[in-house]
Amino acid sequence: GDSVTQMEGPVTLSEEAFLTINCTYTATGYPSLFWYVQYPGEGLQLLLKATKADDKGSNKGFEATYRKETTSFHLEKGSVQVSDSAVYFCALINNAGNNRKLIWGLGTSLAVNP
Amino acid sequence: DTGVSQDPRHKITKRGQNVTFRCDPISEHNRLYWYRQTLGQGPEFLTYFQNEAQLEKSRLLSDRFSAERPKGSFSTLEIQRTEQGDSAMYLCASSLALTNQETQYFGPGTRLLVL
């Protein structure tokens, strides 16, 4: 079945460091890919998405590129801030048929120190 | 603020009791989803509605769980005869199905603790 694998946390970085959170997926067909973020005490928020191969999603300085050849959707940010401390989830929807459910990774906790 | 609201935000109950959660989606959204999230895990899909029709149910949704969306607007999720294993965060999301590439927007969740 479809699945998402993301790097285990926690990840701890200093402010202004470069961030990469790896995400790979397994899916039949052509899934849409998402990164959601969950700040402490808050609900899940969409961070960015990509719906086809080679698309790049970007938001708030974060970027991820849909790589079909490596089945990956790694999240990157050039300079993290303390306010980026949160849990990041990679997810997919397999667009085949009427399937509309999001399939999620386990989440990666990020802590950014000043 | 995504516009999806859930009530209550927290619920503590004793094993064997019934509980009901409510979700109000973003007003023009025609699809509504329920997920469950336990500590340290990603959310797991439970069920989803398009308008008032329940189109898919996960095998996780045992016969003690029932969800409704009677008028295609708000939805309720009921758990009967709660068990300690039901303790989790219950998440609701909604989307507007214009194409098959719509985005799901999440509410804050209802945290359930079964004693």
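Residues numbered from 1 in each chain as written. Chains lettered and ligands numbered in written order. Predicted model: local features only at pLDDT ≥ 70, side-chain atom pairs only at ≥ 80, totals over all residues. Heavy atoms only, no water.

J.: Give me the interface of chain B and chain A: which residues, what numbers.
T.: Across the boundary between the two partners, chain B contributes 21 residues, which contact 22 residues of chain A. Summing both partners gives a buried area of about 1700 Å² for chain B against chain A, and 50% of it is carried by carbon and sulfur. At the junction of chain B with chain A, the criterion picks out one salt bridge. Between Glu56(B) and Lys101(A) there is a salt bridge, with its nearest N and O atoms 3.6 Å apart. Connecting chain B to chain A are four residue pairs in polar contact (both at pLDDT 80 or more). Of all elements in the fold, only strand S4 (31-37) and strand S5 (44-50) of chain B reach the threshold of two or more residues within the side of chain B that touches chain A. (Contact = heavy atoms within 4.5 Å. Buried area = accessible area lost by both parts, 1.4 Å probe. Salt bridge = Lys/Arg side-chain N within 4 Å of Asp/Glu carboxyl O. Polar contact = N/O pair within 3.5 Å; in protein donor to acceptor, adjacent residues only side chain to side chain. Helix = DSSP H or I, 4+ residues; strand = E, 2+ residues; numbered from the N terminus.)

J.: Explain the pattern of salt bridges to me, and be specific about the residues and the numbers.
T.: Scanning the model with the defined rule gives seven salt bridges over all chains in all. One salt bridge in this structure joins Lys56(A) and Glu63(A), with 3.6 Å as the shortest N-O distance. Here Glu63(A) falls in the partly exposed class, since its relative accessible area comes to 34%. Linked by salt bridges that have partners in common, Arg64(B), Glu83(B) and Asp86(B) make up one network. (Buried < 20%, exposed > 50% of the residue type's maximum accessible area, 1.4 Å probe, protein only.)

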